Amino acid sequence: MEKTNAFAERLKQIREEKKMTQKAFSEYLDIKQQTLSGYEIGKISPSLEVALTIAQKLEVSLDWLCGLSNERNNSAKRFGTYGEAFQQLVKIDKTIRINVNQTTLGGEYQPVITFNGDYIVRAFLKDWGKMLTLLHDKTIDESLYDLWVNQQVEFYNVDPGDEEETSIFYNCFILPNEISGE
């Protein structure tokens, strides 16, 4: 697929998959029908902001929508199968060692996943737990949660295999927060 026409083709493809008219689809996307028509025939292109909004509403990756990737699903979307979720756990284990232990809860053995005492992982999980609570309690909405997640991905962009880098990161960012009690 040519990248220049990918946005037009994929936008139309999604509309047809949803069995929606241009009028209904444009209302769903909160754009004018004439604008949608222009996008679908490749006559006009949306701004980056509009393209991103469309991708988010359609729950597809912007890269896929623009023809830069064959990975259609947005990474924030749920896994389609347990197998896909388990595959991600295996990938995580290759970067950050995962331990699976057993504990007894309510008279039943239950698996418990821990992350091998990695202080950077502990710091993230502590903050993530707080944010998940706020999300589940509806104190914050999903867009704010997603923004926080994206900021954390940037913040924790540290190679776990580089001991010097992780040590510097820990001493500069994690340790001061632990000392102050945050």
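Since the structure is predicted, the reported quantities are computational estimates derived from the model, not experimental observations.

**Regarding the overall build of the chain**
In terms of helices and strands, the chain carries nine helices and two strands. Helices and strands in the chain line up, N terminus first, as α-α-α-α-α-α-β-β-α-α-α. Scaling as 2.2 N^0.38, a compact globule of 182 residues should have a C-alpha radius of gyration of about 16 Å, whereas the chain reaches 21 Å, well beyond that. Looking at the chain residue by residue over its 182 residues, the buried ones come to 23%. In the chain, the share of contacts with a sequence separation of at least 24, taken over all contacts with a separation of at least 6, comes to 37%. On the chain, roughly 13200 Å² of surface is accessible, and the fraction owed to carbon and sulfur atoms is 52%. Averaging the coordinates of the 20 positive side-chain charges in the chain and doing the same for the 28 negative ones gives two points 9 Å apart.

**Here's the deal with the packing of aromatic side chains**
According to the stated counting rule, one finds eight aromatic pairs in the structure shown. For the ring pair Phe124 and Trp128, a centre distance of 5.6 Å and an interplane angle of 20° mean the geometry is stacked. Of the two residues, Phe124 and Trp128 both sit in helix 7 (residues 119–136), four residues apart, roughly one turn of that helix. With a centroid separation of 5.8 Å and an interplanar angle of 85°, the aromatic rings of Phe124 and Tyr156 are classed as edge-to-face. Taken together, the positions of Phe124 in helix 7 and Tyr156 in the loop between helix 8 (142–155) and helix 9 (163–180) put the pair 32 residues apart, joining distant regions of the chain. The exposure class of Tyr156 is buried, given its relative accessible area of 15%. Clustering of aromatic rings is evident, with ring pairs tying together Phe124, Trp128, Tyr145, Trp148, Phe155 and Tyr156.

**A word on the pairing of strand 2 (residues 108–114)**
Across seven bridges, strand 1 (residues 99–105) lies against strand 2 in antiparallel orientation. Across the sheet, the residue bridging to Thr103 is Gln110, located in strand 2. Connecting strand 1 to the antiparallel partner strand 2 that follows it, the hairpin turn spans two residues, and Gly106 within it adopts a positive phi of roughly 60°.

**With respect to the environment of Pro46**
Checked against the element boundaries, Pro46 lands in the loop between helix 3 (33–40) and helix 4 (48–58). Residue classification places Pro46 among the buried positions, given a relative accessible area of 19%. Expressed as a C-alpha distance, the spacing of Pro46 and Leu36, which sit ten residues apart in the sequence, is 9.4 Å. For Pro46, the contacting residues outside a window of four places in its chain are Phe7, Tyr39 and Ala51.

**Observations regarding helix 7**
Along its 18 residues, helix 7 runs 25 Å from first to last C-alpha, staying within 8% of the 26 Å computed at 1.5 Å per residue. Among the residues making up helix 7, those that are buried are Ile120, Val121, Ala123, Met131 and Leu135. The buried residues of helix 7 occupy one face: seen down the axis, they fall within an arc of 155°. One or two residues past the end of helix 7 sits Lys138, with phi positive at roughly 65°.

**Some remarks on the pattern of salt bridges**
The final tally for this structure, using the stated rule, is three salt bridges. Among the ionic pairs, Glu17 bridges to Arg72, the shortest N-O distance being 2.5 Å. Here the residue Glu17 occupies a position in helix 1 (residues 3–17), and Arg72 occupies one in the loop between helix 5 (62–65) and helix 6 (82–95), the gap between them amounting to 55 residues. One salt bridge connects Glu27 with Lys23, and the closest N-O pair in it is separated by 2.7 Å. Residue Glu27 and its partner Lys23 are both found in helix 2 (residues 22–29); the two are separated by four residues, about one turn of the helix.

**Focus: unusual backbone geometry**
Note on backbone geometry: most residues besides glycine have negative phi, and most peptide bonds are trans. With a phi angle near 55°, Lys19 is a residue other than glycine that sits in the positive phi range. For Lys19, the position within the fold is in the loop between helix 1 and helix 2. Positive phi is not limited to glycine here, since Asp30 has a value of about 60°.

About the cut-offs
- Residues numbered from 1 in each chain as written.
- Predicted model: local features only at pLDDT ≥ 70, side-chain atom pairs only at ≥ 80, totals over all residues.
- Heavy atoms only, no water.
- Helix = DSSP H or I, 4+ residues; strand = E, 2+ residues; numbered from the N terminus.
- Rg over C-alpha atoms; globule rule 2.2 N^0.38 Å.
- Buried < 20%, exposed > 50% of the residue type's maximum accessible area, 1.4 Å probe, protein only.
- Contact = heavy atoms within 4.5 Å.
- Areas by Shrake-Rupley, 256 points an atom, 1.4 Å probe, with all protein chains shown as cover.
- Lys, Arg positive; Asp, Glu negative; His and termini not counted.
- Charge placed at Lys NZ, Arg CZ, Asp CG, Glu CD.
- Phe/Tyr/Trp six-rings, centres within 6.5 Å; stacked < 30°, edge-to-face > 60°.
- Pairing = 2+ DSSP bridges.
- Expected span 1.5 Å × (residues − 1).
- Arc of directions from axis to C-beta.
- Salt bridge = Lys/Arg side-chain N within 4 Å of Asp/Glu carboxyl O.

Spatial relationships are all this shows, so hold off on functional conclusions.
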